[in-house]
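One-letter residues, chain by chain:
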Amino acid sequence: MIDLQLMALLGIPLLGGMLLALFGARPWAAELNSLMSGCTFIASVVLTLRVIDAGPQTAFNEQFFIDQFNVFLVALTAFVAFTTSLFSRPYMRIEQHHGKLSTSMLHLYYSMYQLFTFTMLVALTTNNMGIIWVAMEAATLTTVLLVSLYRTPASLEAAWKYFILCGVGIALALFGTILLYFAAERVLGEGGTALLWTHLNQVKGQLEPTVLKLAFVFLLVGYGTKIGLVPLHSWLPDAHAEGPTPVSAVLSGLLLNVALCAVMRSKVLVDGSLGTHFAGNLMMGFGLLSVVVAALFLSRQKDIKRMFAYSSIEHMGLITFAFGMGGPVATFAAMLHMTMHSLTKSAIFYAVGHAVQKCGTQQMEHIRGLMQVSPTVGWGLALGTFAILGMPPFGVFASEFLIITTAMHEYPWTTPILLAALGIAFAAVFGKVQPMVFGETTVKPLPHPPALIPVFLHLVLVLILGLYMPPYLANWYRQAAALLG
Amino acid sequence: MQIPLALQFVNLLASMLLLIVFAMLAQRRILSLINLFAWQGALLALSTFVVAYTTAQHHLYYSAALTLLLKVIVLPWLLHRLIRKLNIRWDVETLLNIPTTMLAGIALVIFSFNLAAPISQMSQGITRGLIGIALASVLLSLLMMLTRRKAVTQVVAFLSLENGLFFAATSATQGMPLVVELGIALDVLVATFIFGIFFFQIRETFDSLDITHMEKLKDD
Amino acid sequence: MNNPHLILAVLFQLTQLLLVVLAAPMLTGWVNQCQAWLQNRSGAGLLQPYRVLNKLFHKDAVIADNASWLFRITPYIVFACMWLAAAIIPILAVDLPFSQAADVIALVGVFALARMFIALAAMDIGTSFGSMGARREMLVSFLAEPALLMVFFTASMISHSTQLPGIVEALAHHQFVLYPSLAFAGLAFVIVLLAENARIPVDNPSTHLELTMIHEAMILEYSARHLALIEWASSLKLFAYISIGIALFLPYGIAEMGNWAGLPAAIVLLVGKLALAGAALALLETVSAKMRIFRAPEFLGTAFLLAVLGLLIHFLLGA
């Protein structure tokens, strides 16, 4: 039964990728894309309900493993992938009208979009630490040509940087995986089971601490490149700014989470083996550095997508920091923040995408008076910004509040640093978004109506979760947090 | 401590692997660089084969065959084709100060040997130190990526990095599960194709494969 | 060590000394002959170096007016140094009495002493060629010497001894083991050998082209018996280096102390190894081109790198 559900979850995007590879040039390709993503989402919901009912389980001869932690990311990934496909349908059409994209580029985009979803879902659900690596690398490969979709010099440069940096980073992660196997082989024996996370988890106390320590450093640096942790972040703003906006939305909202999930899987093993807070400290250090550096860079940005990319670095830093602190509350808060950030940041990118289309530029000084151009886009961007900055009614406030109170409790010295960084970020982003949303403009409203249902859908979700968290959801998060320790 | 001859041979191959990475680090000509890369692949295949023979793990034979096919035949052939098509077959790259690079390389080797020393002490005999050599060749390939200014040579460095990792996977740990190795091989192959696509896009856009043109995106 | 043993050992030592000093020009002749064959020439024969030495000894020496005593004694010192070096190296047998006197580091010192004298003598006359040659020689040796030391260190690490006999003993009498570190050291040693003996690609012993010559530029002012001694010393040096190479990397079959029966076999084996090494050297010289002097540091840097890598690999792999 679980095999079947999992097969549906992974099979639909794979099938979608193949179908769109064949029919991606047809006029109805965008609808097919949305349909496939929608089916994937339904499959993920079915799977989620089952896991919530029946608890963690393995599938396909233990090659896949689903527990409360990754099923929550599976649901989130499938949901955001679905809404992004809804957003990209009109968005990409408008780009095509503007002559920025040709049919063959769209063909590539649609098939790669499905394959990207597939690789991320594999990375989330696999039980094999080696397959996680393979899927993460495949995720890079599927997106790298999307980043350079516009074929402009800047987009090529961004894609090259993305490819090389993530390739190198992920190679280091492979070295970490090999070291992990090296340690596991001595306990579990040679053969297939030594990389299976469930098996590793059972024997984590016997794994050689020196090797695991080294392995974790490599894994963190490797997957950390993908998460966008400072100082390994330099590909992230470029790729987000130069790629098509739907790609920025899924990179920011999903890929970073998946990479973080891989790190968390390793952290559980390392904690079990070392019995110290080594992994947590390392993550806290990277996280804190990312928050501070990203906040300082935010105020210097001129490109709107670049600015929100830095905001993603900041939030991923915060989540990494929270996971690093460990303990039920901090882990709970980190997962909540992961959800909120994914929903909010993708909503912001949708709004930004339309704003950029309307004004014809990504330079913030030339984007003015969005309220006049299109009230929906204006409100979408304004509310999204409020949400991401952690204004009270939205869910981001709740998760940030939880993270900071936990930090105050456990690591008081970090609190002023975090608060100062968040304050700087607030001032920088708010100061830049305000004139873009309000203010005067000369741009005439464009004929294309924006597709903003996904934006408001996400924001409403974030708002609801900020005001009221359903008990079963809270319970679910709590169970997942307990799994991660 | 006397270790079997076959594993001494693996040790020798490992050392030669390290030597080839050093040679690549100092190689100016793109064509020779690709040939060195093919040699590296051949060493890798041979050492995988020897490990397969001594540990009697049959799936490692597949790995060895895969390595031979992919890294000695297919990838070098693709790269040769590529540089012929891009007409950069005889290109020579100006390298910054080879002695300094070499000294940095030695420092990296010492660093990685140091890092791997505790691991090699705890593993029993046979694969002592191979992790250290693999790590050293990974870091040296990274250094090579940093010092290179041409897209093609950066890619060769990337592939050599992958080779170092593969060596760690097959020889030092005596083989990862086959499904993982297949996945890695597939990723490398696809990555090479994408790199190829990139070369043409980059040259079309910048009229050159020099990545110094691609340093515009910066936070000022 | 009791008396009969000592006598035996001294006898061995004297045999080796005599043999080396007589055979060294033959090796040079052999290398030249091989080169001639490889270049499709008929060659001058194995005995040509002896004829040259004979001719030079019968000539009257011409010495520059401003030459000091240093210039006059240098040929003798250089010859003595090389002969001493050849005495230390276990060429025929392992347990020679002289080789107890100095270890590998002292051996490097003996070579350095000869080099210092020859460089000083070259500058003593004050010609521009002499100074230029001395400067280049120093540049080359300054890079080659650390590499050579590293090679020796690697071998010492493996055999736990800095005495050449100890090293040879350890390497020759163990059961066969592959030493990756020694392979690296061997490559480095070949480069050092080429550089130190003024061979292609670093220097060319058979040219007097001012742009390229190193060793020949230093000895340009010597004639007759002085030149003969220096040439003989060069042959001895080459012989010594090749013997070191054989001792470190191919020591199998060397005669043990007091084993008279093993001596003929050892001699035959030695001649075979020397012939092979000489032929290999000739081949190497024929296939490579002389490099510009500015590239020499890079070339020797490679030797140093290889030697250091060998040492590091020994630490890591223990082999």
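Participant: Teacher, can you tell me more about the overall build of chain C here?
Facilitator: Across its full length, chain C carries 11 helices and 0 strands. Taken against the 2.2 N^0.38 rule, which gives 20 Å for 319 residues, the C-alpha radius of gyration of chain C at 19 Å falls within 12% of a compact globule. Structurally, chain C occupies a C-alpha span of about 55 × 45 × 40 Å along its principal axes. The buried share of chain C, taken over its 319 residues, is 48%. Long-range contacts, defined here as pairs at least 24 residues apart, represent 80% of the contacts in chain C between residues at least 6 apart.

Participant: What am I meant to see in unusual backbone geometry here?
Facilitator: Apart from glycine, the bulk of residues carry a negative phi angle, and the bulk of peptide bonds sit in the trans form. Residue and element names in this part refer to chain A. Cis peptide bonds are those with omega within 30 degrees of zero, and the linkage from Val230 to Pro231 qualifies with 5°. Mapped onto the elements, Pro231 comes out in the loop between α8 (209-227) and α9 (235-242). Phi is positive for Phe60, close to 50°, though the residue is something other than glycine. Its location among the elements puts Phe60 in the loop between β1 (57-59) and β2 (64-66). Judged by C-beta crowding, with 15 C-beta atoms within 10 Å, Phe60 ranks as partly exposed. For Glu62, which is not glycine, the phi dihedral falls at a positive 70°. One can find Glu62 in the loop between β1 and β2.

Participant: How do you make sense of the nonpolar core when you look at a structure like this?
Facilitator: In globular proteins that are soluble, nonpolar side chains generally tend to be buried together. Counting residues in each nonpolar core, the largest one holds 372 residues, and the members touching the most others are Phe175 of chain A together with Ala85, Ala147, Val151, Ala188, Val192 and Ala307 of chain C. For this core, the leading source of residues is helix α6 (residues 153-188) of chain A, giving 24 residues. Ignoring any residue separated from it by four or fewer positions in sequence, one finds Val151 of chain C in contact with Ala185, Ala188, Phe189, Val192 and Ala307 of chain C.

Participant: Just checking my understanding: could you explain the interface of chain C and chain B for this structure?
Facilitator: Taken together, the contact between chain C and chain B spans 17 residues of the former and 20 residues of the latter. Where the side of chain C that touches chain B is concerned, the elements lending two or more residues are α7 (180-196) and α11 (296-317) of chain C. For the side of chain C that touches chain B, the element with the most residues is α11 of chain C, which contributes 10 residues. Counted by class, the side of chain C that touches chain B contains 14 nonpolar, 2 polar and 1 charged residues.

Participant: Help me out: how do you make sense of helix α3 (residues 58-85) of chain B in this one?
Facilitator: Owing to its 3.6 residues per turn, the α-helix brings residues three or four apart onto one side. Residue and element names in this part refer to chain B. For α3, spanning 28 residues, the distance from its first C-alpha to its last is 39 Å, which sits close to the expected 40 Å at 1.5 Å a residue. Where α3 bends most, the angle comes to about 30°, and this point is Val74, followed within four residues by the proline Pro76. Packing partners of the buried residues in α3 comprise α2 (30-55), α6 (151-172) and α7 (178-206). Asn87 sits one or two positions beyond α3 and adopts a positive phi of about 60°.

Participant: What should I look at first to understand the interface of chain B and chain A in this one?
Facilitator: The extent of an interface is frequently quoted as the accessible surface area lost upon association of the parts. With 38 residues of chain B in contact, the opposing surface of chain A contributes 37 residues. The set of elements that each furnish at least two residues to the side of chain B that touches chain A consists of α4 (98-122), α5 (130-147), α6 and α7 of chain B. Residue composition of the side of chain B that touches chain A, by class: 28 nonpolar, 6 polar and 4 charged.

Participant: Where do I start with helix α4 (residues 104-124) of chain C in this structure?
Facilitator: Residue and element names in this part refer to chain C. Here α4 is 21 residues long and its end C-alpha atoms lie 30 Å apart, about the 30 Å a rise of 1.5 Å per residue gives. What α4 keeps buried is the set Val104, Leu107, Val110, Phe111, Ala114, Arg115, Ile118, Ala119, Ala121, Ala122 and Asp124. Where α4 ends, the next residue or the one after it, Gly126, has phi of about 90°, a positive value.

Rules used in this analysis
Residues numbered from 1 in each chain as written. Chains lettered and ligands numbered in written order. Predicted model: local features only at pLDDT ≥ 70, side-chain atom pairs only at ≥ 80, totals over all residues. Helix = DSSP H or I, 4+ residues; strand = E, 2+ residues; numbered from the N terminus. Rg over C-alpha atoms; globule rule 2.2 N^0.38 Å. Buried ≥ 20, exposed ≤ 12 C-beta atoms within 10 Å, placed from the backbone. Contact = placed C-beta atoms within 7 Å. Core = buried A, V, L, I, M, F, W, Y, C linked by C-beta atoms within 7 Å. Nonpolar A, V, L, I, M, F, W, Y, C, P; charged D, E, K, R; others polar. Expected span 1.5 Å × (residues − 1). Bend = angle between axes of the 7 residues up to and from the residue.

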